[in-house]
Amino acid sequence: VADPIFVVDIGPDGAVATHPVRVVLHRAVAPVPQENVGKEFNTLRPELVAIACMRLNERPGFEFDSSFLGAGAAPRFTKFAELMKKLRKHDPKNEDRFPPLSIFGHADPTGDVAYNKKLSGRRAKSVYAVLVRDTKIWDDLYLKPHGGDRWTYKAIQSMLSVSLKTDEPPFYTGAIDGAKTKTTQDETREALKKYQEARGLPRTGFANDGTRAKLFEEYMLFLCHDADGQAFELDPVKHFIARNKDKKGLKGDVEGCAEFNPVFLPTKEDQDRFDKAKDDAAKEERNAAFAETRRVVVYVFRHDTEIDPKKWPCPVAESGEADCIKRFWSDADQRIARKPGEERRFLETRDTMQCRFYHAFAAPSPCEAGIRRWLVRFRVGFVLPSAVPIANRRFVATVGDVAFAPVVRGRTDDNGEIALPVLDEHTTIELKLDAWDVLFPSRPKPQPEPPEEQGKGADSDAFPDEEKFMKFTLDAGALELVDADKDAAAKQRLFNLGLGKNLPSEWKEEEFKEAVRDYRQSRDGKRGVTAGAALDDTTLQSLRTEHDVETPEPPPPPDQESPEGS
Amino acid sequence: MAKTHVVKQGEHATGIAERYGFRDYKTVWEDGANAALAKNRNPHVLHPRDEVAVPDKVVKKVPKPTTETHRFRIATTKLFLRVKLRDFDFNEVKSAKYEVVISAADVKAPRKGSTDGSGILKEEFDRPFEPIVDVEVRVTVVPGSGTPQDHKFDLRVGHLNPKHKLSGQQARLNNLGYFAGFDVEDLQQFLWAVEEFQEDHILLGKSKVKKTPKIIDETDDPNTPTGVIDDAAFLEKLVEIHGC
């Protein structure tokens with residue numbers, strides 16, 4: 001297990017997340033007898049595995065048909081910076097090393113492929129430039145417009161409209177219009193002069209080379225810093241998978257995927273209507289429908305991932321699409337087919353992307369495919385509010401009951417929660433938790449772990465004392481919905497909350513009644529529950545809320561979309 | 001009385017032979033009763049439920065005087081872990097330092113070595129061959145940029161299934177770095193890996209992958225091909241590149 005850090009933060013502006021813990025893939029090999037040495041061997045090649053991601057949505061990150069990054073992208077960059085700092089600490093070899101990235105830009109299907117290919121590449125490059133603080137790349141985007149993607153003085157106005165330094169008010173407060181009217185032209189000139197004066201540049205009132213270099217640099221810092229306001233900056237050689245070997249085209253480090261990998265497909269009827277869109281209102285409706293597909297996704301790969309751009313299948317960000325098409329699924333046309341009366345989302349169907357190579361990164365990524373995990377919360381003490389999370393304890397989870405079932409090791413978080421990848425909709429999870437002393441305080445506290453284990457986290461092998469941990473068996477996926485079989489659903493939840501002695505499926509009427517009575521007694525006054533003996537709807541809903549939904553406070557939960565069940 | 005041994009996952013001819021007291025797997029494998037099984041099959045790539053006939057032991061009598069000292073030579077098979085290491089770009093990883101934990105004795109002091117000029121790592125297994133512990137391989141690759149990369153592989157020796165089985169094809173694709181899924185039920189992931197492999201090693205970018213290979217479920221009959229059944233070129237290339 002390479003990654004016990006759990007971050008999932010999905011919002012309207014994009015996402016920052018760790019990928020689900022990738023379990024160890026055992027390689028099956030054949031031994032070779034003496035007489036076949038020289039003839040037989042087994043090949044071992046590492047897999048390309050992404051461990052984390054960031055998605056920047058069009059708005060507020062980008063403007064429509066533009067590669068300019070708006071101020072709204074800043075919070076996402078900050079979340080990404082914090083995630084990268086966590087991942088860096090997790091490198092067993094070197095705590096100063098960030099894992100390497102590759103950046104993929106995406107456009108929507110409107111317009112021709114060649115145009116979209118270049119636009120998506122420009123967006124990815126724009127993000128790359130911020131991460132490595134390369135103002136020359138931005139200047140190139142600024143000086144060489146591509147169709148509708150024209151930075152113009154709109155970009156300058158936008159940059160001057162933010163507070164570029166702590167406690168420094170914005171230099172520009174006028175409309176962002178590209179200085180098209182006399183008023184805004186004057187205001188922009190004035191703002192530029194003030195800026196130039198403040199930075200010791202010649203007061204020209206024009207965004208000349210020197211002014212742009214300084215302004216871009218400061219705006220990049222405004223966009224991309226960590227939670228303490230410190231610059232978050234990556235090295236183009238050390239922190240990208242192709243190591244900047246292709247300095248000009250950035251092949252392998254930055255990709256433009258054109259419109260090939262949509263995350264949303266409209267119904268056939270809607271698409272037909274969009275295709276005929278003539279007036280602005282119709283075009284706006286079309287563009288709004290495809291908004292989620294216009295995005296930039298950054299993938300973070302395992303430490304030690306390095307590829308040769310010459311052998312990397314994706315073409316250079318701003319070049320043609322021929323090499324993309326070579327990498328399409330054999331059924332690529334079907335994947336993007338608009339179906340009558342049916343909208344499709346990658347989030348739900350996971351089959352809307354044409355490029356097979358990209359699909360492999362997107363399918364397990366919370367940034368593209370959302371997230372499904374078994375969320376398990378450990379608490380001790382049944383009577384509220386004394387039930388406290390069993391936080392920061394070591395656990396070992398075996399997900400599945402097949403031979404060589406994946407084993408996940410880590411620690412519970414502050415809420416006493418662990419998140420395990422959903423590999424199977426219905427499976428057995430064997431859990432071991434280092435928590436005997438929590439239930440039985442008289443027991444000796446666990447010994448501090450030997451120093452060589454510290455810092456290695458779940459990347460280390462078995463915990464030396466894990467066989468002594470408290471054991472649980474979870475029947476994952478067996479949880480009844482409360483609307484289906486009310487009694488069974490209630491029994492399971494009561495049992496999981498600590499009531500009853502036998503397995504809930506074996507409860508006699510008496511044990512069930514006693515559990516309901518105990519529950520209502522202890523929750524009296526919470527969520528409308530009153531003391532009593534019957535399993536009424538209020539009690540059932542309270543059980544559901546407490547067991548499946550309720551968020552412990554504080555801190556807020558990291559995950560909103562886990563499946564019902566635990 | 002000759003016996004029949006029903007293969008379990010992870011077993012191979014040398015291990016089975018040794019269990020029944022044979023020093024050389026060929027004594028068992030080349031027995032006439034195994035002719036059907038042995039046809040076109042690698043004795044160290046068996047499938048669960050394969051049936052191996054175990055012949056009776058034959059006592060070999062060699063008359064020698066009792067008053068002298070004699071030396072007898074017994075033919076034994078040596079068994080090796082032999083892997084070719086490749087990097088992300090499919091280059092052979094030549095002269096790379098590695099550490100291998102191949103037996104319980106290696107846990108404290110892993111065996112060390114360097115891959116040869118074609119990226120091959122070779123280590124001999126200790127006797128007895130059964131059970132072979134899970135093998136761990138750590139390789140340090142120094143690529144073009146000069147930053148050493150560490151790669152770790154967890155191997156299960158003897159677990160490679162025959163090439164005409166879906167599980168066997170999946171394992172080979174996984175070994176080649178095309179993630180083909182954890183088990184035979186993950187057909188979507190398997191298809192992903194099949195198409196990627198075809199692209200890289202058969203079509204070479206000259207034409208598009210045309211059709212989704214047809215898959216049928218794994219059957220109990222060891223000689224019924226499963227997995228990609230309509231693409232002989234794929235199967236041949238897969239075994240050639242994987243190495244067995």
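In case you missed it, the structure is sitting above this.
The shown structure was predicted, so the numbers you read here are calculated from the model rather than taken from an experiment. (Residues numbered from 1 in each chain as written. Chains lettered and ligands numbered in written order. Predicted model: local features only at pLDDT ≥ 70, side-chain atom pairs only at ≥ 80, totals over all residues. Heavy atoms only, no water.)

Broken down by element type, chain B carries six helices and ten strands. Within the span of chain B, comprising 244 residues, buried residues form 50% of the whole. Counting every atom, chain B has about 12400 Å² of accessible surface; 52% of that belongs to carbon and sulfur. (Helix = DSSP H or I, 4+ residues; strand = E, 2+ residues; numbered from the N terminus. Buried < 20%, exposed > 50% of the residue type's maximum accessible area, 1.4 Å probe, protein only. Areas by Shrake-Rupley, 256 points an atom, 1.4 Å probe, with all protein chains shown as cover.)

This brings us to the interface of chain A and chain B. At the junction of the two partners, chain A supplies 48 residues and chain B supplies 70 residues. Contact with chain B buries area across many residues of chain A, yet Phe41(A), Leu44(A) and Arg45(A) alone supply 14% of it, more than any other trio. Applying the counting rule to chain A against chain B returns six salt bridges. With its nearest N and O atoms 2.9 Å apart, the salt bridge here joins Arg356(A) to Glu195(B). Where chain A touches chain B, the interface holds 37 residue pairs in polar contact (both at pLDDT 80 or more). Contributions of two or more residues to the side of chain A that touches chain B are made by strand E3 (27–29), strand E4 (32–33), strand E5 (42–44), helix H10 (322–326) and helix H13 (356–362) of chain A. In terms of residues, the side of chain A that touches chain B owes the most to one element, H13(A), which gives four residues. For the side of chain A that touches chain B, the residue count by class is 21 nonpolar, eight polar and 19 charged. (Contact = heavy atoms within 4.5 Å. Buried area = accessible area lost by both parts, 1.4 Å probe. Salt bridge = Lys/Arg side-chain N within 4 Å of Asp/Glu carboxyl O. Polar contact = N/O pair within 3.5 Å; in protein donor to acceptor, adjacent residues only side chain to side chain. Nonpolar A, V, L, I, M, F, W, Y, C, P; charged D, E, K, R; others polar.)

Residue and element names in this part refer to chain A. Pairing within the open sheet is mixed, and its six strands lie in the order E1-E2-E6-E10-E7-E8. Of all the strands in the sheet, just strand E1 (8–11) and strand E8 (254–256) have a single pairing partner and so form its edges. Sheet twist, expressed as the average angle between the axes of neighbouring strands with direction ignored, equals 15°. Bridge count for strand E6 (residues 50–57) against strand E10 (residues 295–301) is seven bridges, and the pairing is antiparallel. For Cys-53, the partnering residue across the bridge sits in E10 and is Tyr-299. (Pairing = 2+ DSSP bridges. Axes fitted to C-alpha atoms, helices over the stretch in contact; angles between N-to-C directions.)

Turning next to the environment of Arg523(A). Looking at where Arg523(A) falls in the secondary structure, it is placed in the loop between helix H17 (509–522) and helix H18 (537–549). As for Arg523(A) and Thr539(A), which are separated by 16 residues in sequence, their C-alpha atoms are 9.1 Å apart.

Attention now moves to the nonpolar core. Counting residues in each nonpolar core, the largest one holds 59 residues, and the members touching the most others are Leu69(A), Phe77(A), Phe80(A), Val127(A), Leu131(A), Trp138(A) and Leu223(A). Not counting residues within four places of it along the chain, the set of residues in contact with Trp138(A) comprises Leu69(A), Ser126(A), Ala129(A), Val130(A), Trp151(A), Met159(A), Phe216(A), Tyr219(A), Met220(A) and Leu223(A). With 48 residues, the next largest nonpolar core counts Val8(A), Ala17(A), Phe328(A) and Leu166(B) among its residues. (Core = buried A, V, L, I, M, F, W, Y, C linked by side-chain atoms within 4.5 Å.)

Tallied over the entire structure, the rule returns 62 salt bridges over all chains. Between Asp200(B) and Arg327(A) there is a salt bridge, and its shortest N-O distance comes to 2.8 Å. Taken together, the positions of Asp200(B) in helix H5 (residues 187–203) and Arg327(A) in the loop between H10 and helix H11 (332–335) put the pair across two chains. By relative accessible area, which is 10% here, Arg327(A) ends up buried. Across the pair Lys486(A) and Asp537(A) runs a salt bridge, and its minimum N-O distance is 3.9 Å. Linking Lys486(A) in helix H16 (residues 486–496) with Asp537(A) in helix H18, this pair joins segments that are 51 residues apart in sequence. One network of salt bridges, with partners in common, ties together Arg327(A), Arg356(A), Glu195(B), Glu196(B), Glu199(B) and Asp200(B).

Attention shifts here to the packing of aromatic side chains. Residue and element names in this part refer to chain A. Under the counting rule described, the total for this entry stands at 31 aromatic pairs over all chains. Summarising the aromatic geometry, the rings of Tyr-128 and Phe-240 are spaced 4.8 Å apart at their centres and angled 65° between planes, so their arrangement reads as edge-to-face. Of the two residues, Tyr-128 sits in helix H3 (residues 113–132) while Phe-240 sits in the loop between helix H7 (209–223) and E8, which places them 112 residues apart along the sequence. Look at Phe-240 and you get buried, because its relative accessible area is 0%. Ring centres 5.3 Å apart and planes at 80° place the aromatic pair Phe-357 and Phe-361 in the edge-to-face group. Of this pair, Phe-357 and Phe-361 are both found in helix H13, four residues apart, which corresponds to roughly one turn of the helix. The same class applies to Phe-357 and to Phe-361, which are both buried. (Phe/Tyr/Trp six-rings, centres within 6.5 Å; stacked < 30°, edge-to-face > 60°.)

Before going further, it helps to spend a moment on the state of the cysteines. What we call a disulfide is simply a covalent bond connecting the sulfur atoms of a pair of cysteines. Residue and element names in this part refer to chain A. Scanning the model with the defined rule gives one disulfide over all chains in all. The disulfide partner of Cys-53 is Cys-367, and the gap between their sulfur atoms is 2.2 Å. With the S-S bond torsion at 85°, the cross-link from Cys-53 to Cys-367 turns out right-handed. One end of the pair, Cys-53, is in strand E6; the other, Cys-367, is in helix H14 (residues 366–369), with 314 residues separating them in the sequence. Exposure class is identical for Cys-53 and Cys-367. Each is buried. No disulfide involves Cys-257; its nearest neighbouring cysteine sulfur is the one of Cys-314, lying 6.2 Å away. No disulfide involves Cys-355; its sulfur sits 5.9 Å from that of Cys-314, the nearest cysteine. (Disulfide = S-S within 2.5 Å.)

Residue and element names in this part refer to chain A. Viewed as axis vectors pointing N to C, helix H5 (residues 152–160) and H7 meet at an angle of 55°, and their least axial separation amounts to 10 Å. Looking at the two axes, H5 sits oblique to H7. Crossing geometry of H5 relative to H7 is assigned as left-handed. Contacts between H5 and H7 involve Ile-156, Ser-158, Met-159 and Leu-160 on the former and, on the latter, Arg-212, Leu-215, Phe-216 and Tyr-219. Residue classes in the contact of H5 with H7 are distributed as six nonpolar, one polar and one charged. (Parallel < 35°, antiparallel > 145°, perpendicular 65-115°, else oblique. Left-handed = near helix turned anticlockwise from the far one by under 90°.)

Here we take up unusual backbone geometry. All names here are of chain A. Put simply, Arg-59 and Pro-60 share a cis peptide bond, and its omega is 5°. By the secondary structure assignment, Pro-60 is in helix H1 (residues 58–61). If you check the backbone angles, Asn-244 has positive phi at about 60° while not being a glycine. Positionally, Asn-244 belongs in the loop between H7 and E8. The backbone phi angle of Leu-250 is positive, close to 55°, even though this residue is not glycine. On the secondary structure map, Leu-250 appears in the loop between H7 and E8. Given the relative accessible area of 3%, Leu-250 is considered buried.

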